[in-house]
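# Observations on the model geometry
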Amino acid sequence: MNKYALYHKSDSLYGYAVDSRTVELRLRAARGDLADVSVIYGSKHAFYKYRSVVSMRLAASDGLFDYFTVKLKLSDTRLAYIFLLTDADGNKYYYSEDGATESYDFSVAFYNFFQLAYINKNDVMPCVDWLSRAVVYQIFVDRFKRSGKTEHRHGINMEWGGKPTPKSFAGGDLWGIAEELDRIADLGVDTLYLTPIFTSLSNHKYDISDYYNVDPDFGGNEAFENLMSECKKRGMRVILDAVFNHCSEHLREFRDVCEKGAASPYRDWFIINGDKPTKRPLNYEVFAECDYMPKWNTSNAQVQKYLCDVGEYWIKNYGIDGWRLDVSDEVSHDFWRVFRKRIKALGSDIVLIGENWHDSRSYLRGDQFDSIMNYAFTKAMLDYFAYGKLTTEELCFRLNELTMRNSEQVNLMMLNLLDCHDTHRFYTMCGADKEKLLCALAIEVFMPGASMVYYGTEIPLEGGYDPDNRRCFIPGDGEFAKKVKEVLKYKKLRALQEGSVSFSCENGLFVAERRAVGQTVTLLVNNTENALSSRGKNVAAKSYAVIAE
């Protein structure tokens, strides 16, 4: 047995509360090393006398490790536990905070057992249930639909359907989105996610100069109020984009610092090396290398209040259902903790989704975000369908590892996506192969969490990197839209909303299985050029099949 591969840590992703009476324990071991794993557990104050034993199941494997899990329902939430391991040769070991040992003295276990000392209710990561059922449709507003109702202050400098440039204005607005809600809902969508809509000089609106007003180019506050009303009539939720890492150089407070320097009351709202901001040399921090997007100092208490007030305003006054948090991993943890408390006080089902591209467990402990945009899943889909870098077995390993990165609650709230306004279009990356796009979308729908569709996927719309990925929506292949709708309908199955998940490779097919009480749903995906079969199903080349039981 490879003792170096063994890993468990209490009060972490390997030992955490699912609810006030349930904990999930995980143990990692070298792949194929252990034949059996059990957990020995009891009350921390009586562990030396009274203990229970329960087997753990092999829940997932990746290229290096096996992951064993168990859920314990507790009457006494002051939990103490150790593990009993049996290797492939039948040798038994105890695994505690002292590591793996051949014997264990329970009379002095209080020195080295693992523990969850007490489950405090406000330390349990809550789950926003509707997110695990959601089908989200992301819209880049300027390119979706031009209603003809808006007078565009910037003018329109591209034909609808023309090739976009960084400074193109196509004239899409919120009135246009409202006109398309029935078609969007018919796809199976129940949630809209809009890229920024507030006052800005750009087409993308990520440089905001007024956080309290919808940009006139999008129809202003009146158009947004109408859109919210029409969405609520259809039972659709709306998530907006919160740009709290940076703002526009035209923001009133930043202009005040430019004029008054150190005398400005907003001097410390931004991160400036000097009395006044200068561009040459650039002496203030910005987003990326954009000198027109100064970075907020989110460690400043006044800035925290200002941005929290913005977050509250659009919930209280317009009834939005959550925020997608732009460049969230460059904003202070302290701010997100303050922001979460302010926002969740308005409603526990208001969602906070971070734009974190990497492993983000430090943000996902219940004190900051509910989940993140699952770009790691995006990369796995590209590696499998577009780049051909992963075998089917390796894809299973990758997805298993991703589910082990986070708690069950977080997995059920992840925002899974194939592409968005910041990536190449998945369809284009797959060589405009519609079958591959449908297969990848089916896997996305079977992932725990919400399923996000970037506008135009149903056409299907092509596009390279920004700004080419932000082309205008033009109604296209109606037959393909029906196929997208057929995939998205599976999200209505209970097992795909709340069930456990497993990934495996069977006879060359990718297999995803979701299990809930009374229902099992299995996805078979064939990413080869030949027909394959498993579980009594023949699956044609580059296609998928679903078995519901």
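Procedures and definitions
Residues numbered from 1 in each chain as written. Predicted model: local features only at pLDDT ≥ 70, side-chain atom pairs only at ≥ 80, totals over all residues. Heavy atoms only, no water. Helix = DSSP H or I, 4+ residues; strand = E, 2+ residues; numbered from the N terminus. Expected span 1.5 Å × (residues − 1). Buried < 20%, exposed > 50% of the residue type's maximum accessible area, 1.4 Å probe, protein only. Contact = heavy atoms within 4.5 Å. Pairing = 2+ DSSP bridges. Axes fitted to C-alpha atoms, helices over the stretch in contact; angles between N-to-C directions. Salt bridge = Lys/Arg side-chain N within 4 Å of Asp/Glu carboxyl O. Patch = residues over 30% accessible without salt bridge, like charges linked within 9 Å, V, L, I, M, F, W, Y side chains within 5 Å. Areas by Shrake-Rupley, 256 points an atom, 1.4 Å probe, with all protein chains shown as cover. Right-handed = clockwise from strand over helix to strand, strands pointing away.

### A few points about helix α3 (residues 220–233)
- Along its 14 residues, α3 runs 21 Å from first to last C-alpha, staying within 8% of the 20 Å computed at 1.5 Å per residue.
- Among the residues of α3, Gly220, Asn221, Ala223, Phe224, Leu227, Met228, Glu230 and Cys231 are the ones counted as buried.
- Where α3 is buried, its residues contact α1 (174–179), α2 (181–186), β12 (191–194), β14 (208–214), β15 (237–242) and α5 (301–318).
- Two residues or fewer after α3 comes Gly235, characterised by a positive phi angle close to 70°.

### Some thoughts on unusual backbone geometry
- Following Arg280, the chain continues to Pro281 via a peptide bond in cis, the omega torsion being 0°.
- Its location among the elements puts Pro281 in the loop between α4 (252–260) and β16 (286–287).
- The amide bond that connects Asp466 to the next residue, Pro467, takes the cis arrangement and shows omega of 10°.
- Within the fold, Pro467 resides in the loop between β22 (450–454) and α12 (478–488).
- Backbone geometry at Val327 places phi at a positive 45°, although glycine is not the residue there.
- Mapped onto the fold, Val327 is located in the loop between β18 (322–325) and α6 (333–344).

### Quick word on the sheet that holds strand β25 (residues 519–526)
- Read from one edge to the other, the open sheet built from 4 strands follows the order β23-β24-β25-β28, with strand pairing classed as antiparallel. This sheet does not close on itself; its edge strands, each paired only once, are β23 (500–506) and β28 (543–548). Between one strand axis and the next, the sheet turns by 15° as a mean value, whatever way the strands run.
- Note: β23 against strand β24 (residues 509–516), 7 bridges, orientation antiparallel.

### Re the sheet that holds strand β2 (residues 22–30)
- A sheet is described by the order of its strands in space; here 4 strands give the open sequence β1-β2-β6-β5, paired in antiparallel fashion. The two strands at the open ends of the sheet, each matched to only one other strand, are β1 (15–19) and β5 (57–61). Averaged over all adjacent pairs, the angle separating strand axes in this sheet is 30°, with direction ignored.
- Those strands touched by helix α8 (residues 392–404) are β2, β5 and β6 (65–73), and its axis lies near 115° from that of β5.

### Details of the pattern of salt bridges
- A full pass over the atoms with the stated rule returns 50 salt bridges.
- Across the salt bridge formed by Arg234 and Glu230, the nearest N and O atoms sit 2.9 Å from each other.
- Residue classification places Glu230 among the buried residues on the basis of a relative accessible area of 17%.
- Asp367 is the partner of Arg337 in a salt bridge, and the nearest nitrogen-oxygen pair spans 2.8 Å. Here the residue Arg337 occupies a position in helix α6, and Asp367 occupies one in the loop between β19 (351–354) and β20 (371–374), the gap between them amounting to 30 residues.
- Overall, the relative accessible area of 28% leaves Asp367 in the partly exposed class.

### Observations concerning α8
- With 13 residues, α8 should cover 18 Å at 1.5 Å per step; its first-to-last C-alpha distance of 19 Å lies within 8% of that length.
- Those residues of α8 that sit buried are Thr392, Leu395, Cys396, Phe397, Leu399, Asn400, Leu402, Thr403 and Met404.

### Some thoughts on a nonpolar patch on the surface
- Among the surface-exposed residues, Val108, Phe110 and Tyr111 lie close enough to one another that they form a single nonpolar patch of about 360 Å² accessible area.
- Along the polypeptide, Val108 turns up in the loop between β9 (99–101) and β10 (114–116).
- Relative accessible area serves as the criterion here: at 35%, Val108 is assigned to the partly exposed category.

### Some thoughts on the pairing of β19
- Residue alternation in β19 divides its side chains into two sets, Val351 and Ile353 and Leu352 and Gly354, and both sets are buried.
- Here β18 runs beside β19; their pairing, made up of 4 bridges, is parallel. Directly across from Gly322, in β19, lies its bridge partner Val351.
- Between the parallel pair β18 and β19, the chain is carried across by α6, and the sense of this crossover is right-handed.
- Pairing analysis gives 2 bridges linking β19 to β20, with the strands arranged parallel. Looking across to β20, one finds that Ile353 is bridged to Ser371.

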